[in-house]
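Examining the three-dimensional arrangement
Given next are the chains, with one letter for each unit.
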Amino acid sequence: MSFNNLYTSFLQKSQSADAFLRRCSCLWLKGRPVSGAFPRRRSHQFKSTDLKHPSWCVQLYYRRLLASPIQRAYYVSSTQSLEEDELEEDLEDSWKDMEEEEELCLPLEDFGEPAATEETSFDDKPMKKQDYSAQDLRKRSSFFLNYIQACVNTGHLNEAVKAVVKRQLCENDLKAIDFLLTTLVNLSTAVCQQQSIDVIAISQQIFAKVLKMQLIPTPNTCACILAIFKRYENDSLFESFLGKVKEMYTVEEVLKSCHRRGVTFKYLLELFNQVELNFEFQETQPKRNTPPSIVKDLYKTKFSSRSLNLPDELSFGQLLSSLDEQLQREVKGTMKVPNVMSGQPISLKQQAQRRKLKKLHEEWKVTALGAFRVIKQREHKRWFDRRSHDLGLYPFLCLIPDEAYADIIVNQLHHIPHSGKITQEIVLDIGDTVFKHYALKNDFPPESRERLKTIYKEYLHLFKQNKPTELLREVWEKLESEHGKIQVENKIAPWQNLWKIIVGRRLLEVMVSTLTIGIGSCNTAVPTAYFSNIPAVFNSYKTWGKKMHGMTIPHPVYAKLVKEADEMKGSFVFPTEHLPMLVPPLPWIHPDQGGFVCCPTDFIRQQKYMDMHDDQPQEYKNSLCATADALNVLSSVAWKINKKVLDVQLKIFRSRGDTTLKVAPPPPEIPYNLNPKLVKNSPNDERKQLRCQYFKAKKTKYEMNSLHADALYKFSIANYYRNKMFWLPHNLDFRGRTYPVPPHFNYMGDDVSRSIFLFAKGRPLGERGVRWLKVHLVNLTGKKKYDNLESRLQYANEMLDEIFDSADNPLEGRCWWKDSDDPWQTLAACIELTAALRSPNPEKFVSHLPIYQDGSCNGLQHYAALGRDVVGAKQVNLQAVESPQDVYTGVAEIVDEIRKKDAENGVEIAKDLEGFISRKVVKQTVMTTVYGVTRYGGALQIRRQLMNISDFPANKCMPASIYIVNAIFQSISAIFTSATSIQKWLTNLAYCLSKGGHSVEWKTTLGLCAVQPYFKTVAQRVESPLQTLNLMRPTTAPLVMKQCNAFPPNFVHSLDSTHMMLTALHCYHAGVTFSAVHDCYWTHACTVDQMSVLCREQFIELHQQPILEQLAGFLYKFLPREGSDSDEAGEFIAESQRDRFRELLSNIPTKGEFDLNEVKKSVFFFS
């Protein structure tokens, strides 16, 4: 019997389509699936291959099955007939089976203790995973602080107080108590009466709880309680409590802990004036962070006013208009950017589909709003009915308007790819979006925004007039001291990922259970009445490698509607923080304030889907002035788009790209004849070869799809900003390396990305600028990399005809620029040089093109300087030479000498490699050796290079790569003896620390405390009716091997970032425009000489510091003092590692005889 006949038969008997659906559901639950209706496999074995595009679909009785784990299998399509003959007989018993179904469907549960379940895997031996209770996370202070803030900001003060009183408080919980007490001080009398809040009793209760837990109240806690007693005129309590406070703190300390413009400070000042008639509070200037010794002299001098210059054509009115637009963007949270590929006019069909999609979204928002309010009411009842006062979800559903939650649900569904997205990522994204709306509402209320606009206008006015002779941080701090701080007194703490999951999963349940779409009109063969309300999204599983991930997938009908409406292709919706700014970024004055105007910006980058420890070192917050100032220098550079280069790129991109120019083409289709299913009966060898070809074609398609999407984003954003001036806020990674915050469009990309960036402020070339522009062009071609500067300049003059032709006819001419190492940057330089030489006076030509000075294998340069290695210093151009030394060529020659000896001794692989060892083959491995590449990783790098050589046998690539990588490591040890010894010393230090139970940490010369974030992780399971979600959380146990292998390269990275920051600060002081891509420094052509001098001086200044000695001195804190081996606080490494660790610290690698001052004479140190 066909499925349609069965459906008709049942409908005639029962006159109920729902009964038929329930019957199918029951049979599936009982293990007797209907073929063509449900999959045979249970939910934990369900595969995404069961979800193919249907000719028609079967809707589960989803309102009942939502609470069951099997709800992830919403649809399966097929047109096969039923396999079980007895099914027709069982139709009469459907209502009886429905009762069984009701027993199987469990109610939705509040988030609670996770179930200990095994991770799904295709391994014969399942992966072992240690389950940790959610209670472990709830004990964390930051998790508790999030809850208290949510309760307080939603008006549930009594519930917040109960949570504090019932909690086993620890020292870190005092932050939550301060937040609660500060709110009580500011609470109006009307609200207290309305909610029956006895503020005095609550403050006494909290203080007693703190003392009971043997904790010391903070000065702010004492200040808030005193202010409460003053406000409610309870003199007896005030006097007795003041006596207790004076035993712990002075009056000045209590007052200094208060926000100067807050109510607490106002009440206390009045109080102390009454108690002590002669009391005068000495308002002291906030203690300024002392700059590190290496820049103390710099900070004592005035900075050049040219450091803040802006283009003359940009008026102050335009800046104010841009400020308003930027604020609107950040408050909205998203921004639409037109797609560069959507040049064709919108068809009538697209218009109709867009109207249909818009109407559907409006209906969904109404539906989602109603469902959300039902869940909110249910959570409210649970929260107040529970016996034990556990942390509940309800206050997190009251933080923003209900309509905002509904909008978030619908918008999230709209942006799920048609192929689906990992459920956990969707849940975290939803939770993160809710937090951003909440933080913006709380941290930037209307009064704060007005104050921000007032300060920002004065800041921009100084920017425009080039008046400041101070650092940007100091300018902003002065403006805040005049107008008040822009941050509110009670700033919202970032949410823990567990809260994001808890909030996000509830909203995802609303999405899955209530948002439906009718598909009956799309297929006349389908019973319309039955298919009028199909869920618009469902859950499934998909495998990557050996792991199975839960997926949330939109219905194919909805995905088709979105595609036909061309909504995504017409424009892209980006989060505001993913786009450049229209005004100069907020200067970093401390790690919690800087970057975007309103959007929260991380000072130090963290992994998106993983919480970091709450006990991160706080030293960096107190000694970050120089680091913050260097970030501000990079962020203050104004940029504009190189429209001529962009137009050429867009022309190629719209013409299906060009792989030779690294403009990604659209992904190729997999040839049909490679389908392994077509040759099931073929010989094994043929099938194996076909499968290899098939998976290679599939891999290529996925890679090209990713590259094409990246290029599409990049070109769309660039085209949108083509007539705008913009800025890129910067932040750090844990090592101190700087990065622009916008991820899709910045100058740290490839050759294509860098070529379209120009300085917004141009400067006349001058005589030296014309020369450097020519040298820069030749450097980009890569054709004279072993010649001196005069030879490069001569080559540029000889190739002027080709340069002019490239600028005039980039695609129709002789295309000389395409043969360069960096073709697009070469084209940009050709256009700039052509315009300069054709101008009436080239020396007066205003140039906007950044000119680069790149380090020569910068990691090895730092190693050679650390060890004062004479031989190594010469190889990496620390020493003055007539022509540049190339370390890669030197290593390749030594490797080839080793190969010759082995070939003479009869080693076959050495014979096979004759003529194939070149600079290109060894370059990447030599470059990354200093950054911690292993022999295995290096072998893979070399294998890729060998596979690109058509004459080399493919079957010998792997053994050859293993042979070469061993020879490379042997060669580097011979050339860079000091680098090898220092690297080994650092690795041994890391081993002792990590094996002793501590992560590796160190302090940079500029005061940044770097901590390696490599810890063992545990999976925190959060049960959900949809899917079980795993929250990965780092423990305090370090990953020993990762800590050891990563420390040497990370330490060197921190050195090159420190060198870059020092150069940035001195360039800013001298009025030189400066930007950088790690060890590649950018400036105007006319200031290259000036920047080069500063770059060399700061490298010498950095390495004249006792860097290794300072590191050893810093690490001594992990050892107990002599005569004291107690370690009650767990501050020291394990006793088994102490002797070896102490020996390492006392035996610092010896240094050679290299004179650092030789760097000043080296032309090719940075060139």
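Summarised in this report is the structure supplied together with it. Here the structure is a predicted model, which is why all the values come from computation and not from measurement. (Residues numbered from 1 in each chain as written. Predicted model: local features only at pLDDT ≥ 70, side-chain atom pairs only at ≥ 80, totals over all residues. Heavy atoms only, no water.)

1. Considering the overall build of the protein
So the rule is basically this: Strands here mean DSSP runs of E at least two residues long; helices mean DSSP runs of H or I at least four residues long; both are numbered from the N terminus. Each residue is assigned to one of three classes by its accessible area relative to the maximum for its type, calculated with a 1.4 Å probe on protein chains only: buried under 20%, partly exposed between the two thresholds, exposed over 50%. Between two residues, a contact is recorded if the distance between any of their heavy atoms is within 4.5 Å. Here the accessible surface of atoms and residues is derived via Shrake-Rupley with a 1.4 Å probe, and residues count as covered only by protein chains that are part of the display.
In terms of helices and strands, the protein carries 46 helices and 24 strands. In the protein, which comprises 1167 residues, the proportion classed as buried is 56%. In the protein, the proportion of contacts linking residues at least 24 apart, taken out of those at least 6 apart, comes to 75%. Per element, the accessible surface of the protein, about 52500 Å² overall, is 49% carbon and sulfur.

2. Let's talk about the packing of aromatic side chains
Heads up, the rule is: Here is the rule: rings of Phe, Tyr and Trp (six-membered ring for Trp) pair when centre to centre is within 6.5 Å. Planes less than 30 degrees apart are stacked, more than 60 are edge-to-face, and the remainder are tilted. Lysine and arginine charges are scored as sitting over a ring when NZ or CZ, respectively, is within 6 Å of the ring centre and within 35 degrees of the ring normal.
Tallied over the full model, the rule gives 39 aromatic pairs. Each residue in the set W639, Y720, Y721, F726, F745, Y747, F757, F759, Y852 and W1082 is aromatic and connected to the rest through ring pairs, giving one cluster. Positioned above the aromatic ring of F969 is the side chain of R935, whose terminal nitrogen or guanidinium carbon lies 4.6 Å from the ring centre. Its guanidinium or amino end placed over the ring of Y1014, K1042 lies 5.0 Å from that ring's centre, counting from NZ or CZ.

3. Some points on helix α43 (residues 1040–1070)
Selection criterion: One less than the number of residues in a helix, times 1.5 Å, gives the span that helix is expected to have. The reported bend at a residue is simply the angle between two axes, fitted to the 7 residues ending at it and to the 7 residues beginning with it.
Helix length check: α43 (31 residues) gives 45 Å between terminal C-alpha atoms against 45 Å at 1.5 Å per residue, within 8%. Along α43, the sharpest kink reaches roughly 40°, centred on F1047 and followed within four residues by the proline P1048. The buried fraction of α43 is high, at 25 of 31 residues. One or two residues past the end of α43 sits G1071, with phi positive at roughly 80°.

4. Some remarks on unusual backbone geometry
Backbone geometry places K662, a non-glycine residue, at a positive phi of 60°. Along the polypeptide, K662 turns up in the loop between α28 (643–653) and α29 (684–720). The exposed category is assigned to K662, whose relative accessible area is 57%. One non-glycine residue, H1078, lies in the positive phi region at around 60°. Checked against the element boundaries, H1078 lands in the loop between β23 (1075–1077) and β24 (1080–1083). For H1078, a relative accessible area of 16% gives the class buried.

5. Brief notes about helix α45 (residues 1107–1115)
Put simply, the rule reads: Our arc is simply the arc of the directions from the helix axis toward the C-beta atoms.
Restricting attention to buried positions, one finds in α45 the residues I1107, L1108, L1111, A1112, F1114 and L1115. Looking down the long axis of α45, one finds its buried residues gathered within 160° of arc, a one-sided arrangement.

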